[in-house]
Amino acid sequence: MRGTQTAEESNIVEQGRTGKSEGVVAKGAGVRGRPRSEAVERAIIEGVIKLIEDGVPLAELSIERVARTAGVGKATIYRRWSGKEEMFVDVLRTLEEPPAELPGTSMRDDLVVLVEHIRRRGLNMRSSAILHNVFAQMKSLPKLWEAYHKTVIDPQRRISYEVLRRGVETGELRADVDIVLANELFVGPMLVRSVLRPDDPLDEDLPVRIVDLVLEGLRPAE
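Each chain carries its own residue numbering, running from 1 in the written order of its sequence. Local features in this predicted model are restricted to residues of pLDDT 70 or higher, and side-chain atom pairs are both shown and tallied only at a pLDDT of 80 or more, whereas totals for entire chains, interfaces and linings draw on every residue. Based on all heavy atoms of the structure, the side-chain values leave hydrogens and waters out of the count.

Colleague: Quick one: what's the story with the overall build of the protein chain, residue by residue and with numbers?
Modeller: Helix and strand counts for the protein chain come out as ten helices and zero strands. Helix and strand labels come from DSSP, where a helix needs a run of H or I of at least four residues and a strand needs a run of E of at least two; each type is numbered from the N terminus. If you list the helices and strands of the protein chain from N to C, you get α-α-α-α-α-α-α-α-α-α. Buried residues are those whose accessible area, probed at 1.4 Å on protein chains only, stays under 20% of the maximum for their type, while exposed residues exceed 50% and partly exposed ones sit between those limits. Across the 222 residues of the protein chain, 42% fall into the buried class. Two residues form a contact once any of their heavy atoms are found within 4.5 Å. The contacts in the protein chain between residues at least 6 apart in sequence include a share of 66% that link residues at least 24 apart. Per-residue and other accessible areas follow the Shrake-Rupley method at a 1.4 Å probe size, with only the shown protein chains counted as cover for residues. Just so you have it, the protein chain exposes about 12200 Å², and 52% of that area is on carbon and sulfur atoms.

Here it is as structure tokens:
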């Protein structure tokens, strides 16, 4: 829980109550304090997004510049994030598709949903200049890239591993299959199509086609 709310926080919260400032709430972000501080966090995230939309490179987005754009002090930002990398990850969460809800009916059905999630993310990147720009720049910022993988990519990967392990337990997948490699076989084609080959179509039936094709070689012999 944070300490006493500052005057600048009260001002931003009041704007949020009166409808003068609308924004995006970070998807997947944890609750960081009292509900009355959510408008402050929303204003900070919007400030980062505005700067990116204005063409400011990520490397030049200092805490001071973000604070000035959001109308808060640097201390207000540091009470919520330890530094730029952590803050940027939360900004990226606002632009991500929400986590996929797995049907749990079978390994195949869960895999189709997971691959579909990647397809939708690819469509989002193609339609969002800001998201595409951020990801292009992020590769030159190792700390941000690492933080993004740790907090966004790795949890999704663990879900995929668990789905495949359940598939082994239920007999839908061979017991000798390398789970890590198998996951790459399922998600790799969609990542290649959506990221490395942006001119290729991302058809609605592509997740089903990918999963079924890979499963042909990974199912137990009858």
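Colleague: Just give me the short version of the nonpolar core, but keep the residues and values in it.
Modeller: Among buried residues, the Ala, Val, Leu, Ile, Met, Phe, Trp, Tyr and Cys ones that are joined through side-chain atoms within 4.5 Å form a nonpolar core. Core analysis: the largest hydrophobic core is formed by 34 residues, its most contacted members being I44, V48, L61, I77, M87 and Y148. Broken down by secondary-structure element, the contributors of at least two residues to this core are helix 2 (38–53), helix 3 (63–70), helix 5 (84–95), helix 7 (129–138) and helix 8 (142–169). With residues near it in sequence (within four places) discarded, M87 still touches I44, V48, I63, V66, I77 and W81. Counting 23 residues, the second largest nonpolar core, distinct from the first, contains V115, L173, F186 and L215.

Colleague: Describe the side chain of R119, with residues and values.
Modeller: For R119, the location among the structural elements is in helix 6 (residues 107–127). Of the residues examined, R119 reaches a relative accessible area of 7% and is grouped as buried. Apart from the residues lying within four places of it in its own chain, the contact partners of R119 are M190, L202, D203, E204 and P207.

Colleague: Pulling in residues and values, what's your account of the confidence of the model for the protein chain?
Modeller: One confidence number per residue, pLDDT, is output by the predictor and ranges from 0 to 100. Per-residue confidence for the protein chain gives a mean pLDDT of 82, with 83% of residues at or over 70. Ranking the elements of the protein chain by mean pLDDT puts helix 1 (residues 7–18) last with 46 and helix 10 (residues 206–218) first with 94. In this model residues 10–36 is a low-confidence stretch, pLDDT under 50, and it forms 48 contacts with partners more than four residues away in sequence or in other chains.

Colleague: So what's going on with the packing of helix 2 against helix 3? Residues and values would help.
Modeller: Where helices are involved, their axes are fitted lines through C-alpha atoms of the stretch in contact, as for all axes, and angles between N-to-C directions lie from 0 to 180°. The geometry of helix 2 relative to helix 3 is characterised by a closest axis approach of 8 Å and an angle of 110 degrees between their N-to-C directions. As summarised for this structure, helix 2 and helix 3 are arranged roughly perpendicular, according to the angle between their axes. Along the contact surface, helix 2 presents A43, I44, G47, V48, K50 and L51, while helix 3 presents R65, V66, T69 and A70. Convention used here: angles under 35 degrees read as roughly parallel, angles over 145 as roughly antiparallel, angles from 65 to 115 as roughly perpendicular, and any remaining angle as oblique.

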